[in-house]
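# A structural walkthrough
Take a look at the letters that make up each chain.
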Protein chains: 2
Amino acid sequence: MPDMVADKRIVRVDLGSRSYDILIGRDLIAHAGGEMLARLSARKVAIVTDANVAPLYLDALTESLQTDGIETFAMTLAAGEKTKSFDNLTAVTDFILDARIERSDAVIALGGGVIGDLTGFAAAIVRRGVRFIQVPTSLLAQVDSSVGGKTGINARQGKNLVGAFHQPDLVIADTATLDTLSPREFAAGYAEVVKYGLIDQPDFFHWLEKHRADVFSGGIERTEAIARSCQAKAAVVAADERETGARALLNLGHTFGHALERATNYDSARLVHGEGVAIGMVLAHEFSARMNLASPDDAKRVAAHLKAAGLPTSMHDIDGKLPPPDILMDAIGQDKKVKGGKLTFILTRGIGEAFIADDVPPSEVLSFLTEKHPQ
Amino acid sequence: MPDMVADKRIVRVDLGSRSYDILIGRDLIAHAGGEMLARLSARKVAIVTDANVAPLYLDALTESLQTDGIETFAMTLAAGEKTKSFDNLTAVTDFILDARIERSDAVIALGGGVIGDLTGFAAAIVRRGVRFIQVPTSLLAQVDSSVGGKTGINARQGKNLVGAFHQPDLVIADTATLDTLSPREFAAGYAEVVKYGLIDQPDFFHWLEKHRADVFSGGIERTEAIARSCQAKAAVVAADERETGARALLNLGHTFGHALERATNYDSARLVHGEGVAIGMVLAHEFSARMNLASPDDAKRVAAHLKAAGLPTSMHDIDGKLPPPDILMDAIGQDKKVKGGKLTFILTRGIGEAFIADDVPPSEVLSFLTEKHPQ
Ligand SMILES: NC(=O)c1ccc[n+]([C@@H]2O[C@H](COP(=O)([O-])OP(=O)(O)OC[C@H]3O[C@@H](n4cnc5c(N)ncnc54)[C@H](O)[C@@H]3O)[C@@H](O)[C@H]2O)c1
Ligand SMILES: NC(=O)c1ccc[n+]([C@@H]2O[C@H](COP(=O)([O-])OP(=O)(O)OC[C@H]3O[C@@H](n4cnc5c(N)ncnc54)[C@H](O)[C@@H]3O)[C@@H](O)[C@H]2O)c1
Ligand SMILES: [Zn+2]
Ligand SMILES: [Zn+2]
């Protein structure tokens, strides 16, 4: 079958024997079977998806796979962050084993980051690792969670505290699926796109300032923005697969963001991941300015862009009451980027100039949080 | 503190940046703190053990660690194979997170293979991997499960079907702990010792035929047998860390053994792992003889040695009714050493001449099982 996807882009993640392709373009799901067989020989797949995505894309994916002679099994879970639980890990593992998936077959995650993280973790531990394919359907999953091999679930003590490194064998990002994503979820994913600009690509941030509307409405700019984001993440992952060094830069906005997610009990009605990251990125720029590292104007420019994209940019934008600053600090201390008691933060010297600071004094953070706290 | 362990042996497992030492000798638990600090800088440890081992060795281990200024937390689980469950994985993970173990701290497994497999798996997935120390107290754990980084739990569908590769940072095998092991469990572990001889060291098998009684009664021969076993396993693991090739030889006797464990519902009153392996090794030799690969005399010699060690050597030795041969075949098919529908078995050309056969016809196995079946 000739390749009928006009704006298809391929980003390669270089990891030696664990290298893989990320395919990006409109209507790729209809070609999933062929794209998969061109790269690996699995004859059987177990698909995990959620209740929002299943009615929209499960049939199309199944049909494409079956047309290419691949046997399929499917499991649909409830949508939402709470799905990333030990109970569901057990259930998905059970499902994969019942489908008798062997090391040479594959498990497919069809959905957002929640389904990707949970399913990837299950694929990592069944038979100590079976093949894994990501079909991300949220913007956040396409530009972030489906790339890099971090998988996991949440624990009572914090988000993503339990998991594994397990690289996918292939990522198929069908950008047309984003047409059905809610504007709020699209914006949340967009926060991660902006993040790549803020880390070390000021020109990409400027490009986004010009083309934001086109990325939101679809078309070639959307594919371009996703491909550039994947490239940025792939480069960092290739340099530091197991997050011992430079990969930590990807956590820009995330230490504050995770604390806020925790403070709102992972309640997506109040805050979703990308929104936490948006507020967290603004806080990171403001905190950097307060530490005399960056200009306060940069923080304002970042906030303005995120706000124009429909994102929250301060704790005031979160509905309902937040726990007091010292409880937020506790959540930061429980976050996994703690080493020997000191706090590791990603700070910045300006747009596109983020860096790892691993000796941030907790007292400075606490007084900053107290100042910014809405109550 | 001068080294007061007279017969201490050190076996190095060579795995590049993941290399580690196995310490073997009497009364090493009393030196655990110092041995650990000589190799890694953890200041906090979470110890997981079982209800049989805790009253015997937990205080001694805790005291040694605390004397060296290491903070300790401990969790005691029920003893037995059923402990390797998803529920306990959740509980142990929770315990480690509550103890706020960071990547630079450590988790310690104090017990047999059950505690080692479960705890190692939890250490692998908490924060995507924290440091892990094995303090094996059963013979099986000292010569087999604590070496090599395979960790995991059982699933409804079969044994060890869920897990991770996670190498320990240190193994401390205190041979004096084996004095309190039941004779039955000691014999079960001894089956794995014999296995190393049967795979590729006929001289070790002959040495065991002479020194079996000394190994059982303790003393220098016990340390020697354990060190040789660890060396044998370490060599295979170093050559094939993730079990894609030669490491499969370690499964001699295990495909039949696992099927029998499953057939007896992992009921340790009827069969423990090493007993399944003992019967499995005899069956592997007998099946090899039946396939005209080896002399039937070798199978008899192997059976005689295992029987003298107090081990079962045929399905007739298992109490109670076994499922019919076709159900046993099913269990073999569900075992994880299945590739693309064909059966992989470890067969032999004689004592110390095992090899990987990956095209064994299921029909031959079925008729062999039917012949050997007691009912
Ligand atoms: N593994 C990583 O490296 C990594 C990186 C970043 C984030 N994450 C994780 O990703 C998760 C967030 O991902 P997410 O924002 O995709 O969340 P999500 O999976 O919950 O998806 C968001 C919502 O959009 C719905 N949805 C998804 N695709 C849709 C589509 N095409 N049309 C209509 N609705 C659709 C989902 O059902 C859900 O309700 C968090 O758990 C976070 O921890 C992981
Ligand atoms: N990870 C691997 O590579 C690997 C290899 C082989 C076996 N295994 C696993 O190991 C497990 C079997 O290990 P096991 O035989 O040690 O089982 P086990 O942990 O259940 O220990 C056997 C019994 O001996 C008791 N015990 C342990 N040490 C004692 C001591 N010093 N004194 C008195 N009692 C003691 C235990 O409480 C238990 O009742 C199985 O689950 C098997 O799958 C793993
Ligand atoms: Zn993120
Ligand atoms: Zn074994």
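Refer to the structure presented above.
What this report covers is the structure whose coordinates are included nearby. As the structure is a prediction and not an experimental result, all values here were calculated from the model. (Residues numbered from 1 in each chain as written. Chains lettered and ligands numbered in written order. Predicted model: local features only at pLDDT ≥ 70, side-chain atom pairs only at ≥ 80, totals over all residues. Heavy atoms only, no water.)

## Observations regarding the overall build of chain A
- Helix and strand counts for chain A stand at 13 helices and 12 strands.
- The C-alpha radius of gyration computed for chain A amounts to 20 Å, which stays within 12% of the reference 21 Å derived for 375 residues, consistent with globular compactness.
- Seen through its C-alpha atoms, chain A measures out along the principal axes to roughly 60 × 40 × 40 Å.
- Considering chain A as a whole, with its 375 residues, one finds that 64% of them fall into the buried category.
- Relative to all contacts within chain A whose residues are 6 or more apart in sequence, the contacts with residues 24 or more apart total 74%.
- Summed over all atoms, the accessible surface of chain A reaches about 13600 Å², with 51% contributed by carbon and sulfur.
- With 40 positive and 49 negative side-chain charges, chain A shows a separation of 4 Å between the mean positions of the two kinds. (Helix = DSSP H or I, 4+ residues; strand = E, 2+ residues; numbered from the N terminus. Rg over C-alpha atoms; globule rule 2.2 N^0.38 Å. Buried < 20%, exposed > 50% of the residue type's maximum accessible area, 1.4 Å probe, protein only. Contact = heavy atoms within 4.5 Å. Areas by Shrake-Rupley, 256 points an atom, 1.4 Å probe, with all protein chains shown as cover. Lys, Arg positive; Asp, Glu negative; His and termini not counted. Charge placed at Lys NZ, Arg CZ, Asp CG, Glu CD.)

## Quick look at the side chain of serine 138 of chain B
- For serine 138 of chain B, the location among the structural elements is in the loop between β6 (131–136) and α5 (139–145).
- Each residue touching serine 138 of chain B, except ones within four places of it in the same chain, is listed here: Gly111, Gly112, Gly113, Leu178 and Leu181 of chain B.

## A short note on the site of ligand 1
Residues and elements named next belong to chain A.
- Taken together, 26 residues lie near ligand 1, and Asp50, Gly113, Thr137, Ser138 and Thr180 sit nearest.
- One of the backbone nitrogen or oxygen atoms of lysine 150 is found 2.8 Å away from a nitrogen atom of ligand 1.
- Contacts to ligand 1 include lysine 159, whose side-chain N or O atom sits 2.7 Å from an oxygen atom.
- Protein contact buries 90% of the 860 Å² of open area that ligand 1 shows by itself.
- Secondary-structure elements contributing two or more residues to the shell around ligand 1 are α2 (54–67), α4 (113–125), α5 (139–145) and β8 (158–165).
- A class-by-class count of the residues in the shell around ligand 1 yields seven nonpolar, 10 polar and nine charged. (Near = heavy atom within 4 Å. Polar contact = N/O pair within 3.5 Å; in protein donor to acceptor, adjacent residues only side chain to side chain. Nonpolar A, V, L, I, M, F, W, Y, C, P; charged D, E, K, R; others polar.)

## Regarding the pattern of salt bridges
- Inspection of the entire model under this criterion finds 42 salt bridges over all chains.
- A salt bridge links glutamate 275 of chain B to arginine 184 of chain B; its shortest N-O distance comes to 2.7 Å. Pair noted here: glutamate 275 of chain B is in helix α10 (residues 273–290) and arginine 184 of chain B is in helix α6 (residues 183–200), with a separation of 91 residues, a long-range link.
- Residue classification places glutamate 275 of chain B among the buried residues on the basis of a relative accessible area of 6%.
- Given a relative accessible area of 34%, arginine 184 of chain B falls into the partly exposed group.
- Residues joined in a network through salt bridges with shared partners are Lys8, Arg12, Asp21, Glu35 and Arg39 of chain A. (Salt bridge = Lys/Arg side-chain N within 4 Å of Asp/Glu carboxyl O.)

## What about the site of ligand 2?
Residues and elements named next belong to chain B.
- Not every one of the 26 residues close to ligand 2 is listed here, only the nearest: Asp50, Glu81, Gly113, Thr137 and Ser138.
- Within the side chain of threonine 137, a nitrogen or oxygen atom sits 2.7 Å from a nitrogen atom of ligand 2.
- Within the backbone of threonine 177, a nitrogen or oxygen atom sits 2.9 Å from a nitrogen atom of ligand 2.
- Its free accessible area being 860 Å², ligand 2 has 90% of it covered by the protein chains.
- Residue classes in the shell around ligand 2 are distributed as seven nonpolar, 10 polar and nine charged.
- Split by domain, the residues of the shell around ligand 2 number at least three in each of domain 1 (9–179) and domain 2 (183–372). (Domains from an automatic or database assignment.)

## Regarding the sheet that holds β6 of chain B
Residues and elements named next belong to chain B.
- Taking strand neighbours across the sheet as the criterion, the seven strands line up as β1-β2-β9-β6-β5-β3-β4 in an open arrangement whose pairing is mixed. Either end of the sheet is taken by a strand with one partner, and the two such strands are β1 (9–13) and β4 (71–77). Strand-to-strand twist across the sheet, computed as the mean angle between neighbouring axes with direction ignored, equals 15 degrees.
- Helix α4 (residues 113–125) contacts β3 (44–50), β4, β5 (106–111) and β6 of the sheet and is inclined by roughly 165 degrees relative to β5.
- In the packing of helix α8 (residues 220–239) onto the sheet, contacts are made with β1 and β2 (20–25), and the angle to β1 comes to roughly 10 degrees. (Pairing = 2+ DSSP bridges. Axes fitted to C-alpha atoms, helices over the stretch in contact; angles between N-to-C directions.)

## Re the environment of leucine 97 of chain A
- You can see leucine 97 of chain A is positioned in helix α3 (residues 86–98).
- In the structure, leucine 97 of chain A is positioned 161 residues away from histidine 258 of chain A in sequence and 33 Å away in space, judged by C-alpha atoms.
- If we ignore the near neighbours within four places in the chain, the residues touching leucine 97 of chain A are Val126 and Arg127 of chain A together with Ala155, Gln157, Leu161 and Val162 of chain B.

## Digging into the sheet that holds strand β2 (residues 20–25) of chain A
Residue and element names in this part refer to chain A.
- Read from one edge of the open sheet, seven strands run β1-β2-β9-β6-β5-β3-β4, paired in mixed fashion. The open sheet has two free edges, formed respectively by β1 (9–13) and β4 (71–77), since each of these has just one partner strand. For this sheet the average axis-to-axis angle between neighbouring strands, irrespective of direction, equals 15 degrees.
- Docked against the sheet, α3 engages β3 (44–50), β4 and β5 (106–111), running at close to 165 degrees with respect to β4.

## Section: the pairing of strand β9 (residues 170–174) of chain B
Residue and element names in this part refer to chain B.
- Burial of β9 is extensive: five of the five residues sit out of reach of the surface.
- Of the two faces of β9, the one carrying Leu170, Ile172 and Asp174 and the one carrying Val171 and Ala173 are both buried.
- Taken together, the two bridges between β6 and β9 define a ladder with parallel strand orientation. Across the sheet, glutamine 134 pairs through a bridge with valine 171, a residue of β9.

Everything listed here is a matter of geometry and, on its own, says nothing about what the molecule does.
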